[in-house]
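Each chain is listed here by its residues.
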Amino acid sequence: LRGRAEQLVEQASGLFIWLHTAVELIATSDWGREEVLENVLNRKLTGDGEGTMTNMYLTVLDQATGRNARIRQVLRAFAGMLTTASAPMSISAMYAFLPSSLKKGSHIKEFTALVMKLKPVLTFSTGSGDTHNTQHAPVSLTVRAYHASFSDFIALEYLPSMVSDDPDKRQL
């Protein structure tokens, strides 16, 4: 395990936020942690910090949604709210703003489960300012991006790729 930890540190190349996100992703995984660690270590990285973070954020989103197209649509709606809200919103408020077509056949529990899978890139807080405490009823927690680079990734890469004319760019 020590060798794996050293590999993670080396792969982070000094990007603390990458390392934090990788550790959170592994620690909060529903999958086997060894499998997630392997996925993180084997993910092809680009040479610059922005590309490295993009790759990490895509790994988090892939793990949260799998290949389920409907869940990816819900994620896009959530991501849009996350980046455009002027203040952190509660999970229940975000669910209320989802288009009715995305709520069909689902419940706030499924939406909450999706949001909680994004814990590696989000900060949760209660009204008392207690951050990262997910012991409270999850729907009452407010949500915001853990780091500004995630908001930038969503606004500049993830959401625009959904409306691209180039089908290869719509795969994010």
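Now for a look at the structure at hand. (Residues numbered from 1 in each chain as written. Predicted model: local features only at pLDDT ≥ 70, side-chain atom pairs only at ≥ 80, totals over all residues. Heavy atoms only, no water.)

1. So, the side chain of T65
Move 1: Within the secondary structure, T65 sits in helix 4 (residues 49–65).
Move 2: From its side chain, T65 meets the backbone oxygen of L61 in a polar contact 3.0 Å long.
Move 3: The residues touching T65, leaving out its near neighbours within four places in the chain, are I71, R72, L75 and L114. (Helix = DSSP H or I, 4+ residues; strand = E, 2+ residues; numbered from the N terminus. Polar contact = N/O pair within 3.5 Å; in protein donor to acceptor, adjacent residues only side chain to side chain. Contact = heavy atoms within 4.5 Å.)

2. Observations regarding the pattern of salt bridges
Move 1: Going through the model one piece at a time under the given rule, you end up with 3 salt bridges.
Move 2: Residues R4 and E34 are paired through a salt bridge, measuring 3.6 Å at the closest nitrogen-oxygen approach. Highlighted residues: R4 in helix 1 (residues 2–12) and E34 in helix 3 (residues 33–42), separated in sequence by 30 residues.
Move 3: Taking the relative accessible area as the measure of exposure, R4 reaches 26% and is therefore partly exposed. (Salt bridge = Lys/Arg side-chain N within 4 Å of Asp/Glu carboxyl O. Buried < 20%, exposed > 50% of the residue type's maximum accessible area, 1.4 Å probe, protein only.)

3. Re the packing of aromatic side chains
Move 1: One pass over the full model with this rule turns up 6 aromatic pairs.
Move 2: Note on F78 and F111: the rings are 6.1 Å apart at their centroids and 70° apart in plane angle, and the pair reads as edge-to-face. Of the two residues, F78 sits in helix 5 (residues 69–84) while F111 sits in helix 8 (residues 108–117), which places them 33 residues apart along the sequence.
Move 3: Ring geometry for Y95 and F111: centres 5.7 Å apart, planes at 50°, overall tilted. Highlighted residues: Y95 in helix 6 (residues 91–97) and F111 in helix 8, separated in sequence by 16 residues. F111 matches Y95 in its accessibility class, with the two residues each being buried.
Move 4: An aromatic cluster is present here, built from Y57, F150, F153 and Y158 joined pairwise through their rings. (Phe/Tyr/Trp six-rings, centres within 6.5 Å; stacked < 30°, edge-to-face > 60°.)

4. Describing the sheet that holds strand 1 (residues 89–90)
Move 1: Taken in spatial order, the 3 strands make up an open sheet running 1-3-2, and their pairing is antiparallel. Strands with a single pairing partner mark the edges of an open sheet, and in this sheet they are strand 1 and strand 2 (122–125).
Move 2: Pairing of strand 2 with strand 3 (residues 142–145) involves 4 bridges; the strand directions are antiparallel. Residue pairing in the sheet places T123 in a bridge with R144 of strand 3.
Move 3: Contacts between helix 5 and the sheet are confined to strand 2 and strand 3, with strand 3 contributing the most and set at about 80° to the helix. (Pairing = 2+ DSSP bridges. Axes fitted to C-alpha atoms, helices over the stretch in contact; angles between N-to-C directions.)

5. Here we look at the environment of K109
Move 1: Examined against the element boundaries, K109 turns out to sit in helix 8.
Move 2: On a C-alpha basis, the gap between K109 and P138 in space is 9.2 Å, while along the polypeptide they are 29 residues apart.

6. Considerations on the packing of helix 5 against helix 8
Move 1: For the pair helix 5 and helix 8, the least separation of the axes is 11 Å and the interaxial angle reads 70°. When the axis of helix 5 is compared with that of helix 8, the two are roughly perpendicular. In this structure, helix 5 uses I71, V74, L75 and F78 to contact helix 8, whose residues at the interface are F111, L114 and V115.
Move 2: The residue makeup of the contact of helix 5 with helix 8, split by class, is 7 nonpolar, no polar and no charged. (Parallel < 35°, antiparallel > 145°, perpendicular 65-115°, else oblique. Nonpolar A, V, L, I, M, F, W, Y, C, P; charged D, E, K, R; others polar.)

The quantities given are spatial measurements derived from coordinates; they are silent on function.
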